[in-house]
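# Topology and contacts: notes
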Number of protein chains: 2
Amino acid sequence: MSEAMTGDMIAENAGWLVVVGLGPGPDRWITPAVSAVIEAATDIIGYGPYTARLPVQPGRTVHASDNRVEIERARHALELAGAGRRVAVVSGGDPGVFAMAAAVFEAIEHGPAAWRALDIRVEPGVTAMLAAAARVGAPLGHDFAAISLSDNLKPWDIILKRLRLAAEADLVIALYNPVSRARPDKLREAFAVLGAIRAGDTPVIMARAVGRPDERIALTTLGEAAEVEADMATVVIIGSSETRLIAREGVPFVYTPRSYGAGR
Amino acid sequence: MSEAMTGDMIAENAGWLVVVGLGPGPDRWITPAVSAVIEAATDIIGYGPYTARLPVQPGRTVHASDNRVEIERARHALELAGAGRRVAVVSGGDPGVFAMAAAVFEAIEHGPAAWRALDIRVEPGVTAMLAAAARVGAPLGHDFAAISLSDNLKPWDIILKRLRLAAEADLVIALYNPVSRARPDKLREAFAVLGAIRAGDTPVIMARAVGRPDERIALTTLGEAAEVEADMATVVIIGSSETRLIAREGVPFVYTPRSYGAGR
């Protein structure tokens, strides 16, 4: 047991690497702490659509890359920091949730020992499920799980097992990375697994591009969710047995009460 | 299925209620969207320590209350909004995660019909587990669950069942509200349940008052975690079987790889 890193200062004369989260979309969800890191950085590294969101600034180098090369991107960032550059690695949402922070630490673990001595930090952000939940009410108001459906890096049967156990635990479930070219039907399969445990009228929120101009949020049910289209930019929230709708003019509010059994 | 509320504008001449999250501590984690709501509000409602974080502003009424009266606080906020006031209900962290948003929707569901027609919104924030994770590395880099140990509003056996299933699913687990006066030993009991399923050397992070001057972050193991003191301001993160330490000078980094089985 020991005290963890608590330093908040940005060293002026040495390289550093900070992994930052830009939130799910609009600038109004970027924390001042993240803006300060970006302002101070000499190099910005990230997936093209994220780096494109930042203003061009003289003297700052932007390294935009494809989405599929997270580990190479992390190594490149570490090399630059090791060479004395001030590097911001940008993620959407929160960098620690299915995003770049884990890739950076993976690169550090398997990279040269010198990387472990670098000034490395992570600046949190608003992750997509929080913004999606806020848009419709408070569906994450009680215990929940966040599960990525991406089977690039973990076996599909592990994902299905986790979904089953999370459903048995009656957790609200937020699904990230719900579709992929390699497995177009995986979300449908996930809904089928959950539907075997949870009622067909369980509220489901499918939130695409939350906070962006092309935002599209659908409220549906577990029984009908397979008919709603999702893409890579969609986060899906499946209610627990307690999640409720509040009828009103227009779209109902969706929330999960703080008390268990209160709605019964 | 239908489109959900997408309006971002703040009506000038009508009452509204926005539930906002101030993040876990410092102003640098408050989003510009939240700051704009607070700036525009005529009334601020919240638990005393949260409202105390905001600057005093002429013409703005601050209604600080005790922590135990969430539903009364929510009703009061709705009454004010119904009377044409512009009301910001403030939570720490994200308002949708074990915080005020669920209480507000609960009050709406059980309150007068007119409350459903009010302009009600939620502005997301950085929830404590994200900030805690960022401080030590990327322990939430893979699938995880967020579970409140508060048994004020749900039966303790439901909490233990959820912990067991989340451990069987090999999710990283973030625990909120780990202690209470009524049940001082509940965190110890939770560690015992998890320790029966997960290895004793599983990394555990106990993060108190993240981002605040009195921040205290301890890195320990599941086998020894019961000996570390926690309080109401502590969030606890228990690793999965995959969560790893990266040794270095000082405190190791902690992260959960993106790939399942990569570290084996």
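For clarity, every value in this text was computed on a predicted model and none was experimentally measured.

Definitions and limits used
- Residues numbered from 1 in each chain as written.
- Chains lettered and ligands numbered in written order.
- Predicted model: local features only at pLDDT ≥ 70, side-chain atom pairs only at ≥ 80, totals over all residues.
- Heavy atoms only, no water.
- Helix = DSSP H or I, 4+ residues; strand = E, 2+ residues; numbered from the N terminus.
- Rg over C-alpha atoms; globule rule 2.2 N^0.38 Å.
- Buried < 20%, exposed > 50% of the residue type's maximum accessible area, 1.4 Å probe, protein only.
- Contact = heavy atoms within 4.5 Å.
- Pairing = 2+ DSSP bridges.
- Core = buried A, V, L, I, M, F, W, Y, C linked by side-chain atoms within 4.5 Å.
- Arc of directions from axis to C-beta.
- Axes fitted to C-alpha atoms, helices over the stretch in contact; angles between N-to-C directions.
- Buried area = accessible area lost by both parts, 1.4 Å probe.
- Salt bridge = Lys/Arg side-chain N within 4 Å of Asp/Glu carboxyl O.
- Polar contact = N/O pair within 3.5 Å; in protein donor to acceptor, adjacent residues only side chain to side chain.
- Phe/Tyr/Trp six-rings, centres within 6.5 Å; stacked < 30°, edge-to-face > 60°.
- Lys NZ or Arg CZ within 6 Å of the ring centre and 35° of its normal.
- Least-squares fit on C-alpha atoms with pLDDT ≥ 70 in both.
- Domains from an automatic or database assignment.
- Nonpolar A, V, L, I, M, F, W, Y, C, P; charged D, E, K, R; others polar.

Right, let's talk about the overall build of chain A for a bit. For chain A, the helix and strand inventory stands at seven helices and 14 strands. For chain A, whose C-alpha radius of gyration is 20 Å, the value lies close to the compact-globule estimate of 18 Å for 264 residues. Summarising its shape, the C-alpha atoms of chain A cover approximately 60 × 40 × 40 Å along the three principal directions. Relative to its 264 residues, chain A shows a buried fraction of 61%. Across chain A, the fraction of contacts at a sequence separation of at least 24, relative to all contacts at a separation of at least 6, is 67%.

The next subject is the sheet that holds strand S13 (residues 244–246) of chain B. The sheet built from three strands is open, its strands ordered S7-S14-S13 (chain B) with mixed pairing. Each edge of the open sheet carries a strand with a single partner, namely strand S7 (137–138) and S13 of chain B.

All names here are of chain B. With respect to the helices and strands, Val18 occurs in strand S2 (residues 16–21). Placed 69 residues apart in sequence, Val18 and Val87 show a C-alpha to C-alpha distance of 6.3 Å. Leave out the neighbours within four places in its chain, and Val18 touches Val37, Val87, Ala88, Val89, Arg121, Val122 and Glu123.

Of all hydrophobic cores here, the largest spans 58 residues; its most connected members are Leu163 of chain A together with Leu163 of chain B. If we skip the residues at most four places from it in the chain, Leu163 of chain A touches Ile147, Leu149, Ile173, Leu175, Ala190, Val193 and Leu194 of chain A. Residues Val97 and Val210 of chain A together with Trp29 and Ala133 of chain B belong to the second largest nonpolar core, which totals 52 residues.

Of the residues making up helix H1 (residues 32–40) of chain A, those classed as buried are Ala33, Val34, Val37 and Ile38 of chain A. Along the long axis of H1 of chain A, the arc covered by the buried residues comes to 135°, so they all point the same way.

To continue, consider the sheet that holds strand S7 (residues 137–138) of chain A. Ordered in space as S7-S14-S13 (chain A), the three strands form an open sheet in which the pairing is mixed. The two strands at the open ends of the sheet, each matched to only one other strand, are S7 and strand S13 (244–246) of chain A. Here S7 of chain A runs beside strand S14 (residues 253–255) of chain A; their pairing, made up of two bridges, is parallel. The residue of S14 of chain A that forms the bridge with Gly137 of chain A is Val254 of chain A. With respect to the sheet, helix H4 (residues 100–110) of chain B is in contact with S7, S13 and S14 of chain A, its orientation differing from that of S14 of chain A by roughly 125°.

Let us now look at the interface of chain B and chain A. With 86 residues of chain B in contact, the opposing surface of chain A contributes 86 residues. Both sides of the chain B and chain A interface together cover about 7700 Å² of buried area, and 59% of this is carbon and sulfur. For the pair chain B and chain A, the interface holds 10 salt bridges. The salt bridge partner of Glu70 of chain A is Arg258 of chain B, with a shortest N-O separation of 2.5 Å. Here chain B and chain A share 32 residue pairs in polar contact (both at pLDDT 80 or more) between them.

Attention now goes to the packing of aromatic side chains. Counted under the stated rule, the structure contains 10 aromatic pairs over all chains. Judged by centre distance (4.8 Å) and plane angle (55°), the ring pair of Phe253 of chain A and Phe105 of chain B falls under tilted. One end of the pair, Phe253 of chain A, is in strand S14; the other, Phe105 of chain B, is in helix H4, on a second chain. The exposure class assigned to Phe253 of chain A is buried, which follows from its relative accessible area of 0%. By the ring-pair criterion, three or more aromatic residues cluster together here, those being Phe98 and Tyr176 of chain A together with Phe144 of chain B. Lying over the aromatic face of Phe253 of chain A, Arg248 of chain A brings its terminal NZ or CZ to 3.7 Å of the ring centre.

Another point: the relation of the copies chain B and chain A. When chain B is fitted to chain A, the residual RMSD is 0.0 Å, and the transformation amounts to a turn of 180° plus an axial shift of 0.0 Å. Classification of the inter-copy transformation places it as that of a two-fold axis. Judged by C-alpha distance, Ala145 of chain B is the residue of chain B that lies nearest the rotation axis, at 2.0 Å. Of all interface residues in chain B, 100% are interface residues in chain A too; the two copies therefore contact each other through one and the same surface.

Here we come to unusual backbone geometry. All names here are of chain B. The phi dihedral of Phe98 is positive, around 50°, even though this residue is not glycine. Looking at the secondary structure, you find Phe98 in the loop between strand S5 (86–91) and H4. Located in the positive-phi region is Asn177, a residue other than glycine, with phi close to 50°. Looking at the element boundaries, Asn177 is found in the loop between strand S9 (172–176) and helix H7 (186–195).

Within this structure, the stated rule accounts for 24 salt bridges over all chains. One salt bridge connects Asp231 of chain B with Arg208 of chain B, and the closest N-O pair in it is separated by 2.5 Å. Of the two residues, Asp231 of chain B sits in the loop between strand S11 (216–221) and strand S12 (234–238) while Arg208 of chain B sits in strand S10 (residues 203–208), which places them 23 residues apart along the sequence. For Asp231 of chain B, a relative accessible area of 25% translates into the label partly exposed. With a relative accessible area of 25%, Arg208 of chain B lands in the partly exposed category. Overlapping salt bridges, with partners in common, bring together Glu70 and Glu106 of chain A together with Arg258 of chain B in one network.

Residues and elements named next belong to chain A. The domains assigned to chain A are domain 1 (16–126) and domain 2 (129–255). Each of domain 1 and domain 2 has a C-alpha centre, and these two points are 28 Å apart. Across the boundary between the two partners, domain 1 contributes nine residues, which contact 12 residues of domain 2. Buried area between domain 1 and domain 2, both sides added, is near 820 Å², and the carbon and sulfur share of it is 64%. Taken as a group, Pro24, Trp29 and Phe98 account for 52% of the area that domain 1 buries against domain 2, more than any other trio of residues on that side. Inspection of the domain 1/domain 2 interface yields zero salt bridges. Here the residues of the side of domain 1 that touches domain 2 are counted per class, giving six nonpolar, one polar and two charged.

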